[in-house]
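# Structural overview for review
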Amino acid sequence: MEFMRRKMKTIVFLNALVTVIWCASPRCNPEDEFLGRFCKEPEPEKPKCVDIMMNYCDDMSYIHTMFPNILGHRTREEAELGPEYLLLSVVHNLLNGECTPDIRMLGCSVLVPRCEKEKVLKPCRSTCEAVRKSCRHAFEGIEMAWPYFLDCDRFFVSDQEGCYDPLEGLRVTQEEDQASIDNTPEEPHTVIQFSYQSNTQMNSILKKTAAQCPEIATTYSIGRSVEGKDLLVIEFSNNPGVHELLEPEMKYIGNMHGNEVLGRQLLIYLTQYLCSEYLLGNQRIQSLINTTRIHILPSMNPDGYELAAAEVQGTNDPENEEAQNYYSWTLGRGNAQNIDLNRNFPDLTAVAYGRRRHRHFRSDHIPIPDAYWFDKVAPETYAVMKWIRSIPFVLSANFHGGELVVSYPYDLSKHPLEEKMFSPTPDEQVFKQIARTYADAHATMSGNNSERCGSFGSIGQDGIINGAKWYSFAGGMQDFNYLHTNCLEVTVELGCDKFPAEEELYTGWQDNKEALLTFMESVHRGIKGIVKDADGNGIKGARISVRGIRHDITTAENGDYWRMLTAGIHILTASAPGYTRAMKKIHLPARMQKAGRVDFVLQKAVVEPDIEEDYNIPSMGTYERFDPYNQFERYSIREQNQNREERQEKPWWWSYFSRAHGSAPTWLLRID
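Looking at an unreviewed UniProt entry, one finds the protein named Carboxypeptidase Z and attributed to Oncorhynchus tshawytscha. On record in UniProt, under Cofactor (unreviewed entry), the comment for the protein is "Zn(2+)".

The structure is reproduced here in structure tokens:
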């Protein structure tokens, strides 16, 4: 009986235990459904607001977020390992400080969205659209697509849907900063960031500058480098894109040698300065831009610069200064074909020397010999030659490094066996005046130290020198400008260090700013005017001659001309085929700040067949002949296409993401 009682108690206990276990909703295993067992998954834990624990998002106006976030990242760790967060961590460097922290905070509003009362709030679409409008150009400047997770329609909502402004905290800070600034009266001024830029960043700055000053600035490309980079020019004028009657045109060219970089930087800073100061009401800048058409090409050799910058960065060892100096003097000087662009222009100087034995020789508008096109012509040289021929430039300077001096034509010695022989042009006095304009306005260039850098020996005093007297070479750009067009160009050597340290850029700007402005203003020296026929129509291609100077200039499309001259008495002659000559005597005062106006009216005349305009000088072909056999088109364009096909390189910033966790963010690559 006792046995039976114990047995019944055991059965009851086991039944109760089974009932308890059965009611405990066992966890589901994969085989339960197959065996017909009943199981119940535990209800997932509801997401809760948690503290923001991501370093690059810790300055948001709120402190709580929730996972999964708007992009579907389930945990903070997953979000931190994604390419989206990686982009936010480097965006300041990629965009060179532009549009930050706006872009970073906008991205954080998607990665760590605001959480209130255990509910996620989405950021406002209006804020996203405003940031995208003001910052899209910065991404385009580095050839990066707008990030997908900043899609304003996809991840942001309207005000009616109950959104928040992710830049709210930033706006409060900016208002406080502005209030403190307002309480401290200060003259408005131009702000320039003195740092180096990549080629894409440089182009972005030029385009942004033109966008900030659309009424006085525009950008245009004159061609492409060997590796397909744009040779981008920014133009300043009160009517950009248009040649205005009697308004002189001048140009600046930098970085012809890729490893000589200070000129490139100065011209980038100059574009920002001109735009900003014009908007701030600087009367000097406004007067300059309203009366002059200014063209600035900061980099003629972007491929060489890229190589030089990479090498300098790679040899940035403070204990190995010799290596740094060696690299800055050699690598990146030539273009991607290793062509020295300042030896690649047609050697018209030798042609001019050959003409001297003719009684009535001229040293102007010398045609390009056909034989030139059968040598290797760099695409950068080709682009600049076409540019020079297409615009009636009056004055120009190209910037180099390695010395501190302004050199002027000729660069080729008049005696083939003399490497350092004074070899003046017919415009020697004018060129000396132009060169002194820059040197005297420079902070230190016109000092008496005749051996500043010691690279090529003594360079004389006053900071200027005849190019051939310094050292002789053929195929230079300034000689080509003078002998093929109306343009008078000088070469400005900006200092001993070809690739100065970044901390020296501000000093370089301060030393050269006044010289850059004064040189541009000097284009208004001399005379200007219009050559018309008896009916008042401008005559294109008429010649303006100055007695005693065997170098004529020609009129532009509408008959206007500019002739830089020194002070004194000059006898001018205007002539054109089919018209009688006209002569005038003028006096230019020494302190005359604006060009004197000298117009001519030419009468129709019968051309006598026995009179030859070229004075029996052997013909070299007409001036209009430019690449007559399409030699450049044949090999250069094909070579560029091959280079592009072979390279197919990712953008320079791709290395930031190539080793990111998971798949690479191809959504950052632009599809043109």
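In the structure shown here, the tally under the stated rule is six disulfides. The disulfide that involves C124 links it to C163, with 2.0 Å between the sulfurs. Judged by the sign of its S-S torsion, about 90 degrees, the bond between C124 and C163 is right-handed. Linking C124 in the loop between β4 (119–121) and α6 (125–141) with C163 in the loop between α7 (152–155) and α8 (168–182), this pair joins segments that are 39 residues apart in sequence. Residue C124 is classed as buried on the basis of its relative accessible area of 7%.

With that settled, consider the packing of helix α16 (residues 428–441) against helix α19 (residues 505–521). In contact at an axis separation of 7 Å, α16 and α19 are set at 150 degrees when each is read in the N-to-C sense. The angle between the axes of α16 and α19 places the two elements in the roughly antiparallel class. For the pair α16 and α19, the sense of crossing is right-handed. Between α16 and α19, the residues in contact are I434, T437, Y438 and A441 and N512, E514, A515, L516, T518 and F519, respectively. A breakdown of the residues in the contact of α16 with α19 according to their chemical character gives six nonpolar, three polar and one charged.

As a further point, take the packing of helix α15 (residues 379–390) against helix α18 (residues 477–484). Contact pair α15 / α18: the axes reach a minimum separation of 11 Å and the direction vectors enclose 30 degrees. Crossing geometry of α15 relative to α18 is assigned as right-handed. In contact with V384, M385, I388 and R389 of α15, α18 contributes M477, F480, N481 and H484. Of the residues that constitute the contact of α15 with α18, the class distribution is five nonpolar, two polar and one charged.

Feature annotation in UniProt places "active site" (unreviewed entry) on E493, given in this structure's numbering. Contacts of E493, omitting those with residues within four sequence positions, involve H400, G401, G402, E403, L404, V405, M445 and W470. A distance of 3.4 Å separates a polar side-chain atom of E493 from the backbone nitrogen of G401.

This next bit is on the sheet that holds strand β15 (residues 549–554). The strands that make up a sheet are held in pairs by hydrogen bonds between backbone atoms, and each pair lies either parallel or antiparallel. Pairing within the open sheet is antiparallel, and its four strands lie in the order β15-β14-β17-β18. Because the sheet does not close on itself, it has two edges, and the strands there are β15 and β18 (582–588). Across this sheet, the average inter-strand angle for adjacent strands is 25 degrees, counted without regard to direction. Pairing of strand β17 (residues 568–575) with β18, which is carried by seven bridges, proceeds in the antiparallel orientation. Each residue of the ladder has a partner; that of G568, found in β18, is L588.

Attention now moves to the side chain of E249. Along the chain, E249 falls in strand β7 (residues 249–253). Separated by 2.6 Å, the side chains of E249 and H243 make a polar contact. A polar side-chain atom of E249 sits 3.0 Å from a polar atom in the side chain of R293. Setting aside residues up to four positions removed in sequence, E249 forms contacts with H243, R293, H295, I391, P392, F393, V394, L395 and V523.

Taking 1.5 Å of rise per residue, the 18 residues of helix α10 (residues 262–279) would be expected to cover 26 Å, and the 26 Å separating its terminal C-alpha atoms lies within 8% of that figure. For α10, the buried fraction is high: 15 of the 18 residues fall into the buried class. Downstream of α10 by a residue or two, G281 has a phi angle that is positive, lying close to 90 degrees.

This part is about a negative patch on the surface. A contiguous patch of negative charge on the surface is contributed by D497, E502, E503 and E504. Tracing the backbone through its elements, the reader meets E502 in the loop between β12 (488–494) and α19. What makes E502 partly exposed here is its relative accessible area of 36%.

What follows deals with the pairing of β7. The element β7 is largely enclosed, with a buried count of five among its five residues. Every second residue of β7 is oriented toward a common face, with E249, K251 and I253 on one face and M250 and Y252 on the other, all of them buried. Bridge analysis of β7 against strand β8 (residues 293–297) gives five bridges, and the strand direction is parallel. Each bridged residue has a counterpart across the sheet, and for Y252 the counterpart in β8 is I296.

For the rest of this paragraph, the subject is the sheet that holds β8. Ordered in space as β5-β6-β8-β7-β9-β12-β10-β11, the eight strands form an open sheet in which the pairing is mixed. Every interior strand has two partners, whereas the edge strands, β5 (217–224) and β11 (464–466), have only one. Across the sheet, the axes of successive neighbouring strands diverge by a mean angle of 20 degrees, strand direction being ignored. Bridge count between strand β6 (residues 230–236) and β8: three bridges; the pairing is antiparallel. Within β8, the residue paired with F236 across the bridge is I294.

With that settled, consider the pairing of β15. Across the six residues of β15, five count as buried, placing the element largely inside the fold. Note that strand β14 (residues 543–546) and β15 share three bridges and pair antiparallel. Looking at β15, one finds that V546 is bridged to I549. A loop of two residues connects β14 with β15, the two strands running antiparallel in sequence, and G548 in this loop sits at a positive phi of about 90 degrees.

In total, this model carries 26 salt bridges according to the counting rule given. For K229, the salt bridge goes to E306, with nearest N and O atoms at 3.2 Å. Here K229, found in the loop between β5 and β6, pairs with E306, found in helix α12 (residues 302–314); they are 77 residues apart in sequence, far enough to count as distant. Here K229 falls in the buried class, since its relative accessible area comes to 14%. Among the charged side chains, a salt-bridge network with shared partners connects E227, K229, D303 and E306.

Turning next to unusual backbone geometry. The amide bond that connects T100 to the next residue, P101, takes the cis arrangement and shows omega of 15 degrees. With respect to the helices and strands, P101 occurs in the loop between α4 (83–94) and α5 (102–111). For C99, which is not glycine, the phi dihedral falls at a positive 65 degrees. For C99, the position within the fold is in the loop between α4 and α5. Here K117, not a glycine, exhibits a phi torsion of approximately 55 degrees, which is positive. Secondary-structure assignment places K117 in the loop between β3 (114–116) and β4.

Cut-off values and rules
- Residues numbered from 1 in each chain as written.
- Predicted model: local features only at pLDDT ≥ 70, side-chain atom pairs only at ≥ 80, totals over all residues.
- Heavy atoms only, no water.
- UniProt positions renumbered as here; feature names shortened; annotations may be inferred.
- Disulfide = S-S within 2.5 Å.
- Helix = DSSP H or I, 4+ residues; strand = E, 2+ residues; numbered from the N terminus.
- Buried < 20%, exposed > 50% of the residue type's maximum accessible area, 1.4 Å probe, protein only.
- Axes fitted to C-alpha atoms, helices over the stretch in contact; angles between N-to-C directions.
- Parallel < 35°, antiparallel > 145°, perpendicular 65-115°, else oblique.
- Left-handed = near helix turned anticlockwise from the far one by under 90°.
- Contact = heavy atoms within 4.5 Å.
- Nonpolar A, V, L, I, M, F, W, Y, C, P; charged D, E, K, R; others polar.
- Polar contact = N/O pair within 3.5 Å; in protein donor to acceptor, adjacent residues only side chain to side chain.
- Pairing = 2+ DSSP bridges.
- Expected span 1.5 Å × (residues − 1).
- Patch = residues over 30% accessible without salt bridge, like charges linked within 9 Å, V, L, I, M, F, W, Y side chains within 5 Å.
- Areas by Shrake-Rupley, 256 points an atom, 1.4 Å probe, with all protein chains shown as cover.
- Salt bridge = Lys/Arg side-chain N within 4 Å of Asp/Glu carboxyl O.
- Lys, Arg positive; Asp, Glu negative; His and termini not counted.
- Charge placed at Lys NZ, Arg CZ, Asp CG, Glu CD.

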